[in-house]
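# Coordinate inspection notes
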Amino acid sequence: MKPIGKYIVISNIEEEVKTDTGLLLSARDADEFRYKKAKVVASGTDVTHIKEGDVIHYDKGHSFTMVISGHHYTIIQERDVVIVL
Amino acid sequence: MLHIRCEDVYLWYQIKSNYMNLGYSPKDLAFDEEAQGKLVSGIKKLSKAVKSTLGPSGNTVLIESPNHTHGLTVTKDGVTVAKSIDLIDPIENLAVKIVKQAADRTATEAGDGTTTSIVLTESLILNGLDHLNANPSLNRTELLRSLVEVSDLVVEKLKQSGKKLTNAMLTDVATISANNDKNIGGIIAGVYKEVGKSGIVTVERSQSTETYAETTLGLKIDRGYLSPLFINDQKKDECVYEDVMVLVADMEISNILQLELVLKPIIQENKKILLIAPCNVNVVNTLAANVMKNNLKIVAIQPPSFGYKQHELMQDIAVSVGATYYSEKTGDDLSLINYSDLGHAAKVIVSSDKTILIKSTARSNQQTIDERVAQLWQSHAQAAKKADKDFLLERIASLTGGIGVIYVGGNTDLEQKELYDRVDDAVCAVRSALEEGILPGSGRALHHIATQDTMFSSIVPHSAEKLAAIHILKQSLQAPLNQILTNAGISVHSVYDDVTEFNMGYNLKTGSHGDLIKMGVVDPLKVTRCALQNAISVAVTILSTNAIVTMARVYEPQP
């Protein structure tokens, strides 16, 4: 599987979200944040700074999901990535 | 037993139909003796029905009325009797309306004394007319003015004679106002002893047949937890925390992060917090999740009541726990709220439908609370409607810290209603007694002033009118005592001829003479005072009436 151009295939990281103060946020609260956390599965041919295995924050508004052989993946473009951890 | 038959049940009336198309409603006019005669006969009818209930030997009255449960009411309560009466003659009915208003005012102000007020009114009017008729040279206006002047002196005298209510007398006052029901008297006195003299007692209907009382020391909010997951005492289905911070806000918390600033110190120092604020479902879930999984100690409830009442109640809560009240109405921004805006309570008990806050002094300021209570008492004095007064009393109670509720039960609706009226009256009378003090009861205080006190003889009558006014009052002030004795079938002379001292009198219940106050035969000063003042006001109105305008109408038997 190789994405083409600026596309990146990622998989979402689902975890309990806690604020710095220790307040547990529900899934719905966490959903209200624009940027989500994910792990890069494969990056496109023209993508330079992001490689497979990176944990990133991306703009969920510009993401699309697809299913490949039973796995859910999210597809974004390189410019939708805001942070590489 | 006295039966009132309402003939107008079988009649219906209509404004004279011939005039219907004129574009105005025609009036009947009545003047002078005719007018006054009708007014007097109206008052006599009302008074005859009401006054038979006066005193410990008062009679019961049966009322047929569609407004009451099962179409009838059995009562010994003067207000209920008075309220049920409407007469068919328009002028007589006007008189009844005026007297009812005055009686109602007495009941609202002092909680009792309706019957006394009506007896006094009737007597003042009859005596006044006697004097005016016997002596046509009297100046009516001057006479009425003198009447008011002299009655003010009587009120002054009553105030001087009032005694402070002791704890032991509490039961007596309550018992008397509950129409001599010892059991009720005991319950009321018990509640007042628990909540203290500034505490508030309210009356509610019981779900069972029993009559009992409950007291709460602290602030009660009629709202329960927003989620059952907050429960930490599974046995009682309650959430109980001690040493709790309190957040008071009336704007919806739509995002949990708005509370971050407030929750930070709570979480880090492992403290507890009660949120009194509307929360959206998601916030409630998040809070519940934090309680369950994250071991935080949080409980949230809705603000009490609605509309302006909510605003007032929330301010009260904020004052008594020492919190800053964040309100939409004053344009506050909830995300600015921080730890120092929270109040503090020694303990909170949150159940499914109510919350009790036990106050602490950690953050609240006693002086601010006292100021607020004083303001509320002022509004209470000015409030005209009973519902408003009750609401204010509840608020005062929640601020001062004691609230008692008496639940009235009965085997039948009828019994419960009758008892409810009596208990309500009695509670109000005890409140009056606590406010202004007590006087010897059984109409003795007014009787003594009229017959044996030096007050009247010390007035120098400059005019024939003043002299007449003194005579009228002297006779009328004896009327309540006379009526109480008449109801018991005893003549005044047989029991009061040898009695001279203010406190001394005849105890109808035991049939013996003695110190009325010591024997527990007492009336709240406020009741007697209000009854007299309102009676004078009505009597003066009616005596000064010379022309009456009523709607022209004809009565026809129902087809």
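### A word on the overall build of chain B
Per the secondary structure count, chain B includes 20 helices and 20 strands. Within chain B, counting contacts between residues at least 6 apart in sequence, those at least 24 apart form 76% of the total. Roughly 25,200 Å² of accessible area belongs to chain B as shown, and the carbon and sulfur atoms make up 50% of that amount.

### Some points on the sheet that holds strand S5 (residues 55-59) of chain A
Residue and element names in this part refer to chain A. Spatial strand order, S6-S7-S1-S4-S5-S8: 6 strands in an open sheet with antiparallel pairing. Strands at the two margins of the open sheet, each flanked by one partner only, are strand S6 (64-68) and strand S8 (81-84). Pairwise comparison of adjacent strand axes, ignoring direction, gives a mean angle of 45 degrees for this sheet. As paired elements, strand S1 (residues 7-12) and strand S7 (residues 71-77) share 4 bridges and run antiparallel to each other. By the bridge assignment, Tyr7 is partnered in S7 with Gln77.

### Focus: the packing of helix H10 (residues 307-321) of chain B against helix H12 (residues 386-400) of chain B
Residue and element names in this part refer to chain B. Between H10 and H12, whose axes approach to 9 Å, the crossing angle comes to 20 degrees. In terms of orientation, H10 and H12 fall into the roughly parallel class. The crossing of H10 and H12 is right-handed. Along its contact with H10, which presents Tyr308, Lys309, Glu312, Leu313, Asp316, Val319 and Ser320, the element H12 presents Asp388, Phe391, Arg395 and Leu399. By residue class, the composition of the contact of H10 with H12 is 5 nonpolar, 1 polar and 5 charged.

### Observations concerning the nonpolar core
Residue and element names in this part refer to chain B. Counting 59 residues, the largest nonpolar core has Leu46, Ile125, Val154, Phe456, Leu473, Leu477 and Leu532 as its most contacted members. The biggest single contributor to this core is helix H20 (residues 525-543), with 9 residues. Not counting residues up to four positions away in its chain, the partners in contact with Ile125 are Val40, Ile43, Ala539, Ile542 and Leu543. If you look at the next biggest cluster of nonpolar residues, it comprises 53 residues, including Met251, Ile337, Leu342 and Leu357.

### Some words on the interface of chain A and chain B
On the side of chain B, 14 residues touch chain A, which itself brings 13 residues to the contact. When the buried surface of chain A facing chain B is broken down by residue, Thr21(A), Leu23(A) and Leu24(A) rank first, second and third, together holding 49% of it. Counting the contacts that link chain A with chain B gives 1 salt bridge. Of the charged contacts in the structure, one is a salt bridge between Glu16(A) and Lys293(B), with a shortest N-O distance of 3.6 Å. Between chain A and chain B we count 8 residue pairs in polar contact (both at pLDDT 80 or more) in total. Where the side of chain A that touches chain B is concerned, the elements lending two or more residues are strand S3 (24-25) and helix H1 (27-31) of chain A. Broken down by class, the residue content of the side of chain A that touches chain B amounts to 4 nonpolar, 4 polar and 5 charged.

### Observations concerning the confidence of the model for chain B
Residues and elements named next belong to chain B. Confidence in the prediction of chain B, expressed as mean pLDDT, is 84, and 94% of residues score 70 or more. For residues 1-12, every residue scores under 50 in pLDDT, and the model assigns this stretch 27 contacts once sequence neighbours within four places are set aside. This prediction of the complex comes with two scores: 0.63 for pTM and 0.72 for ipTM.

### Topic: unusual backbone geometry
Residue and element names in this part refer to chain B. Phi is positive for Asp32, close to 40 degrees, though the residue is something other than glycine. Mapping Asp32 onto the fold places it in helix H1 (residues 32-51). With a relative accessible area of 39%, Asp32 lands in the partly exposed category. In this structure, Ser305 is a non-glycine residue whose phi angle is positive, near 60 degrees. Looking at where Ser305 falls in the secondary structure, it is placed in the loop between strand S11 (297-301) and H10. Take Ser305: its relative accessible area is 23%, and that puts it in the partly exposed class.

### Some words on helix H11 (residues 366-382) of chain B
Residue and element names in this part refer to chain B. End to end, H11 covers 25 Å across 17 residues, agreeing with the expected 24 Å (1.5 Å per residue, within 8%). Within the span of H11, buried status applies to Ile369, Arg372, Val373, Leu376 and His380. All buried residues of H11 project into a common sector of 105 degrees when viewed along the axis, lining one side. Turned more than 90 degrees off the buried face of H11, the exposed positions are Gln367, Gln378, Ala381 and Gln382. Where the residues of H11 are buried, they touch H10 and H12.

### Description of the packing of aromatic side chains
Residues and elements named next belong to chain B. All told, the structure shown has 2 aromatic pairs over all chains when counted by the stated rule. Judged by centre distance (5.2 Å) and plane angle (25 degrees), the rings of Tyr212 and Tyr407 are stacked. Remark: Tyr407 occurs in strand S14 (residues 402-408) and Tyr212 occurs in strand S7 (residues 212-217); sequence separation between them is 195 residues. With a relative accessible area of 31%, Tyr212 lands in the partly exposed category. By relative accessible area, Tyr407 is classed as buried at 16%. Considering the side-chain rings of Tyr308 and Phe391, the 6.4 Å spacing of their centres and the 75 degrees angle between planes classify their relative orientation as edge-to-face. Of this pair, Tyr308 sits in helix H10 while Phe391 sits in helix H12, and the two are 83 residues apart along the sequence.

### Some thoughts on the sheet that holds strand S13 (residues 355-359) of chain B
All names here are of chain B. Read across the sheet, 6 strands follow the order S8-S13-S12-S9-S10-S11 without closing on themselves; strand pairing throughout is mixed. This sheet does not close on itself; its edge strands, each paired only once, are strand S8 (219-221) and S11. Along the sheet, successive strands turn relative to each other by an average axial angle of 35 degrees, direction set aside. Bridge count for strand S9 (residues 239-248) against strand S12 (residues 343-350) is 7 bridges, and the pairing is antiparallel. Bridge assignment links Glu242 to a residue of S12, and that residue is Lys347.

### Examining the pairing of S7(A)
Residue and element names in this part refer to chain A. Alignment of S6 against S7, held across 5 bridges, turns out to be antiparallel. Each bridged residue has a counterpart across the sheet, and for Val67 the counterpart in S7 is His72. Adjacent in sequence and paired antiparallel, S6 and S7 are bridged by 2 residues, among which Ser69 carries a positive phi angle near 40 degrees.

### What to know about the confidence of the model for chain A
Residues of chain A with pLDDT of at least 70 account for 100%, and the chain-wide mean is 87. Averaged pLDDT values for the elements of chain A fall to 80 in H1(A) and rise to 92 in S5(A).

### Points about the side chain of Asp54(A)
Residues and elements named next belong to chain A. On the secondary structure map, Asp54 appears in the loop between strand S4 (35-43) and S5. Given a relative accessible area of 10%, Asp54 falls into the buried group. For Asp54, the side chain forms a polar contact with the main-chain nitrogen of Lys51, separated by 3.1 Å. For Asp54, the contacting residues outside a window of four places in its chain are Ala38, Lys39, Val40, His49 and Val84.

So, how was this worked out
Residues numbered from 1 in each chain as written. Chains lettered and ligands numbered in written order. Predicted model: local features only at pLDDT ≥ 70, side-chain atom pairs only at ≥ 80, totals over all residues. Heavy atoms only, no water. Helix = DSSP H or I, 4+ residues; strand = E, 2+ residues; numbered from the N terminus. Contact = heavy atoms within 4.5 Å. Areas by Shrake-Rupley, 256 points an atom, 1.4 Å probe, with all protein chains shown as cover. Pairing = 2+ DSSP bridges. Axes fitted to C-alpha atoms, helices over the stretch in contact; angles between N-to-C directions. Parallel < 35°, antiparallel > 145°, perpendicular 65-115°, else oblique. Left-handed = near helix turned anticlockwise from the far one by under 90°. Nonpolar A, V, L, I, M, F, W, Y, C, P; charged D, E, K, R; others polar. Core = buried A, V, L, I, M, F, W, Y, C linked by side-chain atoms within 4.5 Å. Buried < 20%, exposed > 50% of the residue type's maximum accessible area, 1.4 Å probe, protein only. Buried area = accessible area lost by both parts, 1.4 Å probe. Salt bridge = Lys/Arg side-chain N within 4 Å of Asp/Glu carboxyl O. Polar contact = N/O pair within 3.5 Å; in protein donor to acceptor, adjacent residues only side chain to side chain. pLDDT = per-residue confidence, 0-100. Expected span 1.5 Å × (residues − 1). Arc of directions from axis to C-beta. Phe/Tyr/Trp six-rings, centres within 6.5 Å; stacked < 30°, edge-to-face > 60°.

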